[in-house]
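Geometric and topological summary
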Amino acid sequence: MSITVTKTGRRKIAGRRIRSGLIVFFALVYLLPLYIAVSNSFKTYWDVIKSPMSIPTAPTMDNYVEAFHASNILSLYGTSILITFSSVLLLVMISSAAAYIIIRRNNKLCKFLYGFALIGIMVPPVVTLVPSIKTLSMLGLMFTPWGLLMFYGGAYFSTTIFLYTGFINSIPVTLDESAYIDGAGTFTVFFRIIFPLLKPCTATAVILMGMWIWNDFLNPMYILGSTAGKTITLGIYNSIGAYTSKWNLVFANVILASFPIVILYLCLQKQFMTGLTAGAVKG
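Rules of the game
Residues numbered from 1 in each chain as written. Predicted model: local features only at pLDDT ≥ 70, side-chain atom pairs only at ≥ 80, totals over all residues. Heavy atoms only, no water. Helix = DSSP H or I, 4+ residues; strand = E, 2+ residues; numbered from the N terminus. Buried < 20%, exposed > 50% of the residue type's maximum accessible area, 1.4 Å probe, protein only. Contact = heavy atoms within 4.5 Å. Phe/Tyr/Trp six-rings, centres within 6.5 Å; stacked < 30°, edge-to-face > 60°. Salt bridge = Lys/Arg side-chain N within 4 Å of Asp/Glu carboxyl O.

Next up on the list: the overall build of the protein chain. Summing up its helical and strand segments, the protein chain has 14 helices and zero strands in all. Taking the principal axes of its C-alpha atoms as reference, the protein chain extends roughly 80 × 70 × 35 Å. Within the span of the protein chain, comprising 283 residues, buried residues form 36% of the whole. For the protein chain, restricting intrachain contacts to residue pairs at least 6 apart in sequence, the fraction spanning at least 24 positions comes to 74%.

Now the structure itself:
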């Protein structure tokens, strides 16, 4: 028995093939930088110069060993982890609490403050760098980790509160009312009932903010300078010489720098995906 494929069916099959081809193409484009970094991190300097796109024929771990000792990677990790952890913790606590008040009270003042906060999403953090530096200088916080912490708290507050408001809006108000009937206060309701339910959204905020802050280069360079320690991105930058560079060590440094944030994503990926979709699906 022969099966006749209609003209509409052939179009659908062709459309699926085109979409699949485009998905594979863009996936390869996005994976190409990762392949270059990983493959060249296992090559010698001259192998990188001769054939940067080829697969390493004689892989070596010497680059990682030398980069680990020469770049003082543990010190760079310590500074970056301290700044990233403190900034993300500050953003999560302040943004989640502010989003809870805005959603639950829902008065004109809260709506105005929420709209005013969202303006920050449209303003790139680089634009606010100069006035931020002047403000930090007046407060005596330039070239200190506290100054960079305050900058990140203001720069990414808009994005974080936007994530939390969408998620909290999907949590039934009856949970709050039941707790209030039992005699709980606002702080108790939020920290013991609402905040534990925000795990998917918190995971999303931790990964996004952590990735942005961990990979940030420009702001630490200006705010920290050279007197308050160097972040991992500044360490990679300093490993690149003005005229010649050991690109095999640079690629090894890049992989070492991205390793912690990859581990963080792998640990929180399930909650991350839930947090991205929950606020949009429920309402």
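Enumeration according to the criterion identifies 12 aromatic pairs in this entry. Here the aromatic rings of F25 and F26 are separated by 5.4 Å at their centres, their planes lie at 70°, and the arrangement is edge-to-face. Put simply, the rings of Y100, F190, F191 and F195 pair up and form one aromatic cluster.

Bringing unusual backbone geometry into the picture now. Despite not being glycine, N106 has its phi angle at roughly 55°, a positive value. Structurally, N106 can be placed in the loop between helix 4 (73–105) and helix 5 (108–122). Judged by its relative accessible area of 46%, N106 is partly exposed. With a phi angle near 65°, F143 is a residue other than glycine that sits in the positive phi range. Counting through the fold element by element, F143 comes out in the loop between helix 6 (129–139) and helix 7 (145–155).

Looking now at the pattern of salt bridges. Taken as a whole and assessed by the stated rule, the structure comprises two salt bridges. R104 is the salt-bridge partner of D176, the closest N and O atoms lying 3.0 Å from each other. Taken together, the residues D176 in helix 9 (residues 174–181) and R104 in helix 4 connect sequence positions 72 residues apart. Exposure remark for D176: the relative accessible area of 3% places this residue in the buried category.

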